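Residues per chain are reported as follows:
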Amino acid sequence: MRRIIFMLIVLATLSCSNDDDGVKSVEANSVIFGEVYGQCAGDCRTLFLINDTGIFADSDSDTDFGNWDNTNFEEEALSDAKFQYSKGVIEVPESIQRFEGELGSQTIADFDYYISIEIGGERKSWTFDEINDDLPSNIKSYLENVILVISELREE
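Positions within a chain are numbered from 1, following the residues in the order the chain's sequence is written. Only residues with pLDDT of at least 70 get local features here, since the model is predicted, and only at 80 or more are side-chain atom pairs given and counted; chain-wide, interface and lining totals rely on the full set of residues. Hydrogens and water molecules were not included; the side-chain quantities draw on all heavy atoms of the structure.

(A) Representation of the sheet that holds strand β4 (residues 54–57). If you trace the five strands from one edge of the open sheet to the other, you get β4-β3-β2-β7-β8, paired in antiparallel fashion. Each edge of the open sheet carries a strand with a single partner, namely β4 and β8 (122–128). Averaged over all pairs of adjacent strands, the angle between strand axes in this sheet comes to 15 degrees, irrespective of strand direction. As paired strands, strand β2 (residues 30–36) and strand β3 (residues 45–51) are joined by seven bridges and run antiparallel to one another. DSSP-based pairing: two strands are paired if at least 2 bridges between them are found. Each helix corresponds to a stretch of at least 4 residues labelled H or I by DSSP, and each strand to a stretch of at least 2 residues labelled E; elements are numbered beginning at the N terminus. Axis lines are fitted through C-alpha atoms, for helices just across the contact stretch, and the angle between N-to-C directions can take any value from 0 to 180 degrees.

(B) The arrangement of the environment of V146 in detail. Following the sequence through the fold, V146 ends up in helix α3 (residues 137–154). Taking the C-alpha atoms as reference points, V146 and S86, separated by 60 residues in sequence, lie 8.2 Å from one another. Throughout, a residue-residue contact means that at least one pair of heavy atoms, one from each residue, lies within 4.5 Å. Residues contacting V146, with those up to four places away along its chain left out, are F33, V89 and I115.

(C) Structural view of the packing of aromatic side chains. Centre distance within 6.5 Å is the pairing criterion for rings of Phe, Tyr and Trp, where only the six-membered ring of Trp is used; planes under 30 degrees apart are then read as stacked, over 60 as edge-to-face, and the remainder as tilted. Counted according to the given criterion, the structure contains two aromatic pairs. Relative to F48, the ring of F33 lies with its centre 5.8 Å away and its plane at 35 degrees, an arrangement referred to as tilted. Highlighted residues: F33 in strand β2 and F48 in strand β3, separated in sequence by 15 residues. Buried residues are those whose accessible area, probed at 1.4 Å on protein chains only, stays under 20% of the maximum for their type, while exposed residues exceed 50% and partly exposed ones sit between those limits. The exposure class assigned to F48 is buried, which follows from its relative accessible area of 5%. The interplanar angle of 40 degrees and the centroid separation of 5.9 Å between the aromatic rings of Y113 and F128 together place this pair among those described as tilted. A residue pair is termed long-range when its members are at least 10 positions apart, and Y113 in strand β7 (residues 112–119) and F128 in strand β8 qualify at 15 residues.

(D) Expanded view of the pattern of salt bridges. The rule for a salt bridge is simple: a side-chain nitrogen of Lys or Arg has to be within 4 Å of a carboxyl oxygen of Asp or Glu. Counting across every chain of the model gives three salt bridges. With a shortest N-O distance of 3.1 Å, R123 and E118 are connected by a salt bridge. A residue is classified by how much of its surface remains accessible, and E118, at 23% relative accessible area, is partly exposed. Ionic pairing is found between K140 and D133, a salt bridge with its closest N-O pair at 3.5 Å.

(E) Examining α3 more closely. An expected span of 1.5 Å times one less than the residue number is assigned to each helix. In this model, α3 (18 residues) spans 26 Å end to end at C-alpha, consistent with the 26 Å of a helix rising 1.5 Å per residue. Three or more residues of α3 are buried, namely N138, I139, Y142, L143, V146, V149, I150 and L153. Looking down the long axis of α3, one finds its buried residues gathered within 130 degrees of arc, a one-sided arrangement. What points out from α3, more than 90 degrees from its buried face, is the exposed set S137 and L148. Summarising the geometry, the arc corresponds to the directions from the helix axis toward the C-beta atoms.

(F) Quick look at the pairing of β7. Of all eight residues in β7, seven are buried; the element is thus mostly enclosed. Relative to β7, β2 is paired through seven bridges, and the arrangement is antiparallel. Residue pairing across strands places V31 opposite I117, the latter belonging to β7. Between β7 and the antiparallel strand that follows it, β8, lie two residues; G120 among them carries a positive phi value of about 60 degrees.

(G) Here's a closer look at the side chain of E35. As for its position among the elements, E35 is in strand β2. A residue is classified by how much of its surface remains accessible, and E35, at 10% relative accessible area, is buried. In this structure the side chain of E35 is engaged in a polar contact, spanning 2.9 Å, whose partner is the side chain of R154. Excluding residues that lie within four positions of it along the chain, E35 makes contacts with R45, T46, L47, F111, D112, Y113, I150 and R154. Distance and chemistry together define a polar contact, namely a pair of N or O atoms within 3.5 Å, with one atom able to donate a hydrogen and the other to accept it when in protein, and with adjacent residues in sequence counting only for side-chain atoms on both sides.

Below, the structure is given as structure tokens:
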């Protein structure tokens with residue numbers, strides 16, 4: 001009888017899933033990501049917008065410095081190959097919605113990464129130079145992928 005109870009407890013424990021572990025991903029409505037530059041005149045960013053229809057480059061029109069969420073983007077999407085390559089950016093760790101700290105540190109005054117994620121009408125934005133080492137591994141991996149995508153998209 002003890003074996004049966006023990007096996008039921010083990011099976012119940014193994015079959016439970018923990019939705020609070022932050023490992024799950026969710027598809028964002030849109031993500032604005034790229035590089036922003038301080039101490040510059042004119043176009044101070046190279047940003048991209050990705051959603052479920054495509055990926056779009058910023059339109060190089062004037063934007064108030066630091067107001068990156070209001071950047072204008074080209075109407076014509078980048079190539080389908082670039083969209084397929086970048087699709088991982090729209091699949092964000094679910095835990096990033098609840099994340100309240102800084103994603104990275106500010107170490108260089110003239111260059112930053114920027115990421116702004118909209119999920120269900122709520123937008124959260126971060127600016128950073130280097131990814132913090134103490135981030136949850138799924139968020140850190142996501143940001144490393146975003147930086148790789150930025151690097152690839154900039155090589156035009």
